[in-house]
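Examination of the molecular architecture
Each chain, written out:
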Amino acid sequence: MHREKYVFVESRRSFWTTFLIGAGFMAAVDEIIFHQLLAWHHFYDQATPAISLLSDGLLHATELLALVAGFFMWADLRQRHELSAGYARAGFFLGLGGFQLFDGIVDHKLLRLHQIRYGVDLLPYDLTWNLAGLVLILIGTGLLYRAKKAIHSKSSDQNT
Amino acid sequence: MCMSEGHTPIDSLLSYLLWLIISIVMLVYLTAAIRQIHSYRRWSRWRIFSFMCGCVLLAIGLTPKLMELAHYDIRVHMAQHLLIGMFAPLALVLAAPLSLALHVLPTQAARRIMQVLSNPIIRFISHPMSALLLNIGGMYVLYLTPLYKASLTYPYLHHLLHLHFLLAGYLFCWAIAGPDLAPRRPGMRLRLAVLFLSMATHAYLSKIMYAYHLPKNTPHTSGQIQEAAKLMYYGGDLAEVLLAVAFFAAWFRISRVRIKTNKEVRLC
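Now for a look at the structure at hand. (Residues numbered from 1 in each chain as written. Chains lettered and ligands numbered in written order. Predicted model: local features only at pLDDT ≥ 70, side-chain atom pairs only at ≥ 80, totals over all residues. Heavy atoms only, no water.)

1. Description of the overall build of chain B
What counts, and what does not: Under the DSSP-based scheme used, a helix requires at least four consecutive residues in state H or I and a strand at least two consecutive residues in state E, with every element numbered from the N terminus. For the radius of gyration, the atom set is restricted to C-alpha positions; the globular benchmark scales as 2.2 Å times the number of residues to the power 0.38. Type-normalised accessible area, obtained with a 1.4 Å probe on protein chains alone, sets the label of each residue: buried when under 20%, exposed when over 50%, and partly exposed for intermediate values. Residues are treated as being in contact if the distance between any of their heavy atoms lies within 4.5 Å. Calculation of accessible area relied on Shrake-Rupley with a 1.4 Å probe; when residues are assessed, cover is drawn exclusively from the protein chains displayed. In summary, the charge assignment counts Lys and Arg as positive and Asp and Glu as negative, without counting His or the chain termini. One atom stands in for each charge, and that atom is NZ of Lys, CZ of Arg, CG of Asp or CD of Glu.
Helix and strand counts for chain B stand at twelve helices and zero strands. Helices and strands appear in chain B in the N-to-C order α-α-α-α-α-α-α-α-α-α-α-α. Against the compact-globule benchmark of 18 Å for 268 residues, chain B has a radius of gyration of 20 Å, which places it among compact chains. The buried share among the 268 residues of chain B stands at 47%. In chain B, the share of contacts with a sequence separation of at least 24, taken over all contacts with a separation of at least 6, comes to 74%. Carbon together with sulfur atoms contributes 69% to the accessible area of chain B, which is approximately 13600 Å² in total. With 24 positive and 9 negative side-chain charges, chain B shows a separation of 18 Å between the mean positions of the two kinds.

In structure tokens form, the structure reads like this:
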């Protein structure tokens, strides 16, 4: 019983640590490529340019800290020999896809904070962005299912 | 050009004097570190290396040629700001000069240092929030008010600003991630929040400088100011990420020690 609880804790930590890295990574890709290099949009485009820039500054600080924190937490799990590789892989993909789909659905469409581009037909951009996010989430879900199954089969082996 | 006298021989003399001071500080640290190692106590070579790096960066930042160019070119001024106010302080803080002093000095002197550190005023200004206000807040004041223009006109103000860059930068790195002890240093969550604020506000300041050609009323062209703002954005980013790495590395080391003694310590 104790062993099962321990496995649960370490797999949950492995999952959320790499989820943080994945979300931070995708935010960095979004912010560096679309906000800085292409300058297609800011995080918040509904007010003055000064506010838009402030929102980018906040997003930038969040993503950088998430990446640094995530990598150190991951290294810490490794030095404790508590990293569950299956859950870590699943977390990374769900972090990548989770950020992308959340950004695409909630930020773009529900809250209308910003759009991917302005002055063009949005549909192809929206479809690409959200479908790519969906694919990443499906990969992550598959990996999560596999990791769960692996642990269950291991613990049932030990019980018999 | 609105600069009054530009660069005088007295300024060069001052630069050489500053170099002399930096060399002396470097020698003092080296001597103390060697004494520490010779008395069969440990002192990390990385710390010695870090202190040397800090001193060299500072010396480069205070080169007479750079000082002179900075009067006319805001890009050079920004490079100086990055060297003196962000990279050199981080390297110096990571060298833990205070811990070294406490090891090497006689007990009486070490005790006096501790007394000074526990002084309420020191405690107040070494709080991460006050350090942030002095560091990034100072930069907002410099670039958004006529202070920057004034610093071009009055040489003593210019030197005072460099001193402020160095001290505020050091104070901030020490308060956030310093390996040196700080009296009643707040917990990790608060320091992480302040580090976050500092990254966001520094990025924001450089972006509005780029967008609105700040500081206003200077002899610099808009193109120069935009390039300076870019330098500030990317250079500042690198410095702040390094500070974040130092912050989490400190936590990582504590965690490793705790694993050996089987004590639980988690991030936040």
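Right, picking up where we left off after that structure.
2. Quick look at the interface of chain B and chain A
Note the cut-off: What counts as buried area is the accessible surface, traced by a 1.4 Å probe, that two parts surrender upon association, with contributions from both included. Salt bridges, as used here, are contacts in which a Lys or Arg side-chain nitrogen is within 4 Å of a carboxyl oxygen on Asp or Glu. Any pair of nitrogen or oxygen atoms within 3.5 Å is treated as a polar contact; in protein, a donor-acceptor pairing is required on top of that, and neighbouring residues in sequence qualify only through side-chain atoms on both sides. Any residue outside Ala, Val, Leu, Ile, Met, Phe, Trp, Tyr, Cys, Pro, Asp, Glu, Lys and Arg is labelled polar, Gly included; the first ten of those are nonpolar and the last four are charged.
Listed by partner, the interface residues are 28 residues for chain B and 25 residues for chain A. Taking both sides of the interface into account, the surface hidden between chain B and chain A amounts to around 2400 Å²; carbon and sulfur atoms contribute 69%. Applying the counting criterion to the chain B and chain A interface returns one salt bridge. Among the salt bridges present, the one from B:K207 reaches A:D56, with a minimum N-O distance of 3.8 Å. At the junction of chain B with chain A, the criterion picks out four residue pairs in polar contact (both at pLDDT 80 or more). Sorting the residues of the side of chain B that touches chain A by element identifies helix 11 (188–212) and helix 12 (222–260) of chain B as the ones contributing at least two each. Of the residues forming the side of chain B that touches chain A, the biggest block, 13 residues, is contributed by helix 12 of chain B. The residue inventory of the side of chain B that touches chain A, partitioned by class, reads 22 nonpolar, one polar and five charged.

3. Comments concerning the pattern of salt bridges
All names here are of chain B. Following the criterion strictly, the structure yields four salt bridges over all chains and no others. The partner of R75 in a salt bridge is D73, with the nearest N and O atoms 2.9 Å apart. With relative accessibility at 29%, the residue R75 sits in the partly exposed group. Owing to a relative accessible area of 14%, D73 belongs among the buried residues under this scheme. A single salt-bridge network, built from bridges that share partners, covers D73, R75 and E227.

4. Focus: the packing of aromatic side chains
Counted only if it meets this: Planes of paired rings set the category: under 30 degrees apart is stacked, over 60 is edge-to-face and the rest tilted, where pairs are Phe, Tyr or Trp rings (Trp by its six-membered ring) whose centres lie within 6.5 Å.
Inspection of every chain in the model, using the stated rule, returns 16 aromatic pairs over all chains. Where A:F72 meets B:F252, the ring centres are 5.9 Å apart and the plane angle is 65°; that geometry is what we call edge-to-face. Of this pair, A:F72 sits in helix 2 (residues 49–79) while B:F252 is found in helix 12, placing the two residues in two different chains. Across this residue pair, the class does not change: A:F72 and B:F252 are buried. Taking the centre distance of 6.0 Å and the plane angle of 80° together, the rings of B:W46 and B:F49 count as edge-to-face. One end of the pair is B:W46 and the other is B:F49, both in helix 2 (residues 45–61) and three residues apart, which spans about a single turn. Owing to a relative accessible area of 69%, B:W46 belongs among the exposed residues under this scheme.

5. Some remarks on empty space enclosed by the protein
Residues and elements named next belong to chain B. What counts here: Cavities and pockets were defined on a 1 Å grid built over protein atoms only: a cavity is a set of grid points that admits a 1.4 Å probe from which the probe cannot escape, a pocket is an open set flanked by protein on both sides within 12 Å along at least five of seven lines, and lining residues are those with an atom within 4 Å of any such point. Grid points are joined across faces, edges and corners, and a volume is the space filled by probe spheres set on the points.
Within this structure, the stated rule accounts for six cavities of 30 Å³ or more. Here the largest cavity defines a volume of roughly 110 Å³. Of all the secondary structure elements, the ones that give two or more residues to the lining of the largest cavity are helix 4 (74–94), helix 8 (128–144), helix 10 (155–177) and helix 12. Considered class by class, the residues forming the lining of the largest cavity number eight nonpolar, four polar and one charged. There is about 50 Å³ of room inside the second largest cavity.

6. Some details on helix 8 of chain B
Residues lying three or four places apart along an α-helix face the same way, a consequence of the helix completing one turn every 3.6 residues. Residues and elements named next belong to chain B. Inclusion rule: To estimate the expected span of a helix, count its residues, drop one, and scale the result by 1.5 Å. Note on bend: at a given residue it equals the angle between the axes fitted to the 7 residues ending there and to the 7 starting there.
Across its 17 residues, helix 8 extends 23 Å between first and last C-alpha, which sits within 8% of the 24 Å expected from 1.5 Å per residue. If you look at helix 8, its biggest bend is around 30°, right at G137. Among the residues of helix 8, those classed as buried are P128, S130, A131, L132, N135, I136, M139, Y140, L142 and Y143. Structurally, helix 8 contributes buried residues whose contacts are with helix 4, helix 7 (120–125), helix 9 (147–153), helix 10, helix 11 and helix 12.

7. Side note on the nonpolar core
Soluble globular proteins tend to pack their nonpolar side chains together in the buried interior. Defined as follows: For our purposes a nonpolar core is just a set of buried Ala, Val, Leu, Ile, Met, Phe, Trp, Tyr and Cys residues, chained together by side-chain atoms within 4.5 Å.
Ranked by internal contacts, the top residues of the largest apolar core, which has 75 residues, are B:Y29 and B:Y143. No other element matches the twelve residues that helix 12 of chain B contributes to this core. Those residues in contact with B:Y143, other than ones at most four positions away along the chain, are B:H77, B:M78, B:H81, B:Y148, B:F165, B:L205, B:M209, B:L214 and B:P215. Counting residues in each nonpolar core, the second largest holds nine residues, with A:F15, A:Y87, A:L101 and A:A147 among its members.

8. A short note on the packing of helix 1 (residues 9–38) of chain B against helix 2 of chain B
All names here are of chain B. Where we set the bar: Inter-axis angles, ranging from 0 to 180 degrees, are taken between N-to-C directions of lines fitted to C-alpha atoms, where helices are fitted over the stretch in contact. Throughout this description, any angle smaller than 35 degrees is read as roughly parallel, any larger than 145 degrees as roughly antiparallel, any in the 65 to 115 degree range as roughly perpendicular, and the remainder as oblique.
Two elements in contact, helix 1 and helix 2, have axes whose closest approach is 10 Å; the angle formed by their N-to-C orientations is 175°. Judged by the inter-axis angle, helix 1 sits roughly antiparallel to helix 2. Each of W19, I22, V25, M26, Y29, L30, A33 and I37 in helix 1 lies in contact with helix 2, whose residues at this interface are R47, I48, F51, M52, C55, L58 and A59. Tallied by class, residues from the contact of helix 1 with helix 2 come to 14 nonpolar, no polar and one charged.

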